[in-house]
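# Tertiary structure, described
For reference, the chains in residue letters:
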Amino acid sequence: MGKTLAEKIIAAHSEDKREVSAGDLVTVKTDVVMANDITAPIAIESFQAMGVDRVFDPDNLMLVPSHFAPNKDIKSAEQTRTLTIFAEDQHLKNRFQVGRAGIEHVVLPERGLVLPGDLVVGGDSHTCTYGALGALATGMGSTDIAFAMATGKTWLKVPDTMKFVYHGQPQNYVYGKDLILRTIGEITVDGALYRSMEFTGPAISGLSMSERLTMANMVIEAGGKCGFIPFDEVTQAYVEPRATRPYTPYFADDDATYISVHDFDLAGMEPQVACPYSPDNVHPISQIKPEKVDQVFIGSCTNGRFEDLAIVAELLQKTGREFDPNVRVMIIPGSQAVYLQALRAGWIELFTMAGGAVSVSTCGPCLGGHMGVLAGEEVCVSTSNRNFRGRMGHRDARVFLANPAIAAASAIMGRLAHPDEL
Amino acid sequence: MKFEGRVWKYGDNIDTDVIIPARYLVTTDPKTLAAHCMEDLDMAFAQKVLPGDVMVGGRNFGCGSSREHAPISIKGAGVSCIIAESFARIFFRNAINIGLPILESPEAAQEAEKDDVLTVDLAVGTITNHRTGKTYQASPYPPVVLGIIQAGGLIPYARNILGIQITG
Ligand code: SF4
């Protein structure tokens, strides 16, 4: 019987390399273990409580300060310090100092630290992002991460897999973000609970790695355990110059068993927007009231890559417009490498001249941490992945999730807008 | 293990940002986290919750981020057990790992109302509602999960696996 990507990768990492099927409980070897400045402090505490002295694999444990870093207050500084001290004590090979790193899900793929065929566990729910490279990557809590730090292993239930097939030519200004928003809108926030999602079809083959990372990033917003974009030439071209070690791509069998198959005809599809307060409250932009906005946030592990900033830069250049002076426009590159690329392209100047606030890489406003927390009643268009109540600040603030073109057009118009209106 | 407690009833898709907003994630202290638990949804919870109370949710309870602070804040508030129609995957693992019992039972969750009193027998997975007199059977745990619960959480479970003995 054919196997899905999740079944193949789990089998390859299982203790006796045996065949596995959906529903099996399996102990697997982990290739990469990750945690951030919020989850690592508890993971380190739990690790120490387990009574272990050394981490299992110091070369593949990544502790990335990104959420409240650069430290927003004394408490967050103490949390980050825990990571730094632990990384030194344990002789971790990879360090992620502020100024040299950024958001974990932007940095790890960019540096070739997560690779196709890997099994990755991360103390962050958006660890699923690495599925864009063909890795089985899933988020876990701190104590699970501590277990993987100590043993190089974790336990998993082999998930059922849902297959998504996309075809057809959408309208302009439709990106990977719109595909995943529409998908979540259709299957809802628990539509893929405990499941793996395989994204396939001609419309997926044509997506850049940046858009693929955006799609896999939001698998968790449908409740998914992991998601995959099959390995192809685009993956290879991205990974080859970056890979820090050898890797093995896996492919789903043609006769693999899927629990469901979902077909998406994208013909004529408009950009999609998720309205408050849920990522599955999704509507085409033309059907949403063009509300006045107070803040626009362009960044995060969903849409904080170079290609995302390129969309914003092109719109500004093409229209010669500035951002509306009444809107706070926060533009936060997902990593320092993205920042440098944008700087060299002349975009930092372009964004600043247009009235945007460009900052050092951080998660910042995405989780209501710092650098753009919202007041009550405020409206924000954000390129991030969650618009739950209170996510970006006050419980009454309202967040609309959209792609970078919609975000930029809204920043220029001072209200929710489509780039064609400029 | 048997618990008896009053019900705090919530709806579907209770997310971790509502359970404990990110602005409080600068600490890992259970009591401090508990003081802000659920505050964006229900201000009364943190003030009025009593030790042993039971939290009841709908579908996809605990969706969103991987923050272990979410079950820690609920446990820190004194909640003895969470019952829901279904749990988000990461939340499920986190709760089990830190020793906060959770049970999946769509009927028990749907039929419970605020301030009902429930008796939960964890050993056999039953939930009894004192108002209706009905007893419900929760979904059984997979074997690994049972192993973790029996060990008293993932930390002692890991010690067993690694053969580490903690003395004193
Ligand atoms: S950018 Fe937002 S979603 Fe991504 S890791 Fe940071 S806080 Fe989480």
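So, how was this worked out
- Residues numbered from 1 in each chain as written.
- Chains lettered and ligands numbered in written order.
- Predicted model: local features only at pLDDT ≥ 70, side-chain atom pairs only at ≥ 80, totals over all residues.
- Heavy atoms only, no water.
- Helix = DSSP H or I, 4+ residues; strand = E, 2+ residues; numbered from the N terminus.
- Rg over C-alpha atoms; globule rule 2.2 N^0.38 Å.
- Buried < 20%, exposed > 50% of the residue type's maximum accessible area, 1.4 Å probe, protein only.
- Contact = heavy atoms within 4.5 Å.
- Areas by Shrake-Rupley, 256 points an atom, 1.4 Å probe, with all protein chains shown as cover.
- Salt bridge = Lys/Arg side-chain N within 4 Å of Asp/Glu carboxyl O.
- pLDDT = per-residue confidence, 0-100.
- Buried area = accessible area lost by both parts, 1.4 Å probe.
- Nonpolar A, V, L, I, M, F, W, Y, C, P; charged D, E, K, R; others polar.
- Domains from an automatic or database assignment.
- Axes fitted to C-alpha atoms, helices over the stretch in contact; angles between N-to-C directions.
- Parallel < 35°, antiparallel > 145°, perpendicular 65-115°, else oblique.
- Left-handed = near helix turned anticlockwise from the far one by under 90°.
- Pairing = 2+ DSSP bridges.

## Side note on the overall build of chain B
Helices and strands together make up the secondary structure of chain B, namely eight helices and seven strands. Taken against the 2.2 N^0.38 rule, which gives 15 Å for 168 residues, the C-alpha radius of gyration of chain B at 16 Å falls within 12% of a compact globule. Looking at the 168 residues of chain B, the share that counts as buried comes to 60%. The contacts in chain B between residues at least 6 apart in sequence include a share of 65% that link residues at least 24 apart. Accessible surface, chain B: about 6500 Å² in total, of which carbon and sulfur atoms supply 55%.

## Thoughts on the pattern of salt bridges
Within the structure shown, the criterion is met by 27 salt bridges over all chains. One salt bridge in this structure joins Lys 3 of chain A and Glu 19 of chain A, with 3.6 Å as the shortest N-O distance. On the criterion of sequence distance, the pair formed by Lys 3 of chain A in the segment before α1 (5-13) and Glu 19 of chain A in the loop between α1 and β1 (25-29) is long-range, its members being 16 residues apart. Judged by its relative accessible area of 61%, Glu 19 of chain A is exposed. Linking Asp 190 of chain A and Arg 59 of chain B is a salt bridge whose minimum nitrogen-to-oxygen distance equals 2.8 Å. Remark: Arg 59 of chain B occurs in the loop between β2 (54-57) and α4 (69-76) and Asp 190 of chain A occurs in the loop between α6 (176-187) and β8 (196-200); the pair is interchain, linking two chains. A relative accessible area of 40% means that Arg 59 of chain B is categorised as partly exposed. Members of the salt-bridge network, linked through shared partners, are Arg 6, Asp 53, Lys 114 and Asp 115 of chain B.

## As for the confidence of the model for chain B
Looking at chain B, the pLDDT average stands at 93 and 98% of residues meet or exceed 70. The ipTM assigned to the predicted complex is 0.91, against a pTM of 0.95.

## Regarding the interface of chain A and chain B
Residue-level contacts link 46 residues of chain A with 45 residues of chain B. Here chain A and chain B share an interface that buries about 3800 Å² over both sides, 61% of which is from carbon and sulfur atoms. Between the two partners, chain A and chain B, sit three salt bridges. At the level of elements, α2 (40-49), α3 (74-89), β5 (136-139), α5 (142-151) and β6 (153-157) of chain A are the ones that each hand at least two residues to the side of chain A that touches chain B. Taken together, the residues of the side of chain A that touches chain B break down into 18 nonpolar, 16 polar and 12 charged.

## Notes on the domain arrangement of chain A
It is common to give the size of an interface as the accessible area that goes away when the parts come together. All names here are of chain A. Assigned domains of chain A: these are domain 1 (5-244 + 256-263) and domain 2 (275-417). For domain 1 versus domain 2, the separation of C-alpha centres amounts to 24 Å. The interface of domain 1 with domain 2 comprises 35 residues on the first partner and 36 residues on the second. Summed over the three residues of domain 1 that lose the most area to domain 2, namely Ile 103, Tyr 173 and Lys 177, the buried surface amounts to 19% of that side. On inspection of domain 1 and its partner domain 2, the count reaches one salt bridge. Examining the composition of the side of domain 1 that touches domain 2, we find that six residues originate from one element, α6, more than from any other. Of the residues belonging to the side of domain 1 that touches domain 2, the class tally is 16 nonpolar, 12 polar and seven charged.

## Re the packing of α6 of chain A against helix α8 (residues 209-217) of chain A
Residues and elements named next belong to chain A. As a packed pair, α6 and α8 sit with axes 8 Å apart at the nearest point and diverge in direction by 20°. Overall, the two elements α6 and α8 adopt an arrangement that is roughly parallel. Of the two possible hands of crossing, α6 and α8 adopt the one that is right-handed. On α8, the residues touching Gly 176, Lys 177, Leu 179 and Ile 180 of α6 are Glu 211, Thr 214 and Met 215.

## Description of the sheet that holds strand β9 (residues 226-228) of chain A
Residues and elements named next belong to chain A. The sheet built from four strands is open, its strands ordered β9-β8-β7-β10 with parallel pairing. Only two strands of the sheet have a single neighbouring strand rather than two, namely β9 and β10 (260-265). On average, each strand axis in the sheet is inclined to that of its neighbour by 20°, with strand direction left out of account. Here β8 pairs with β9 via three bridges, running parallel. Counterpart to Met 197 in the pairing with β9 is Gly 227.

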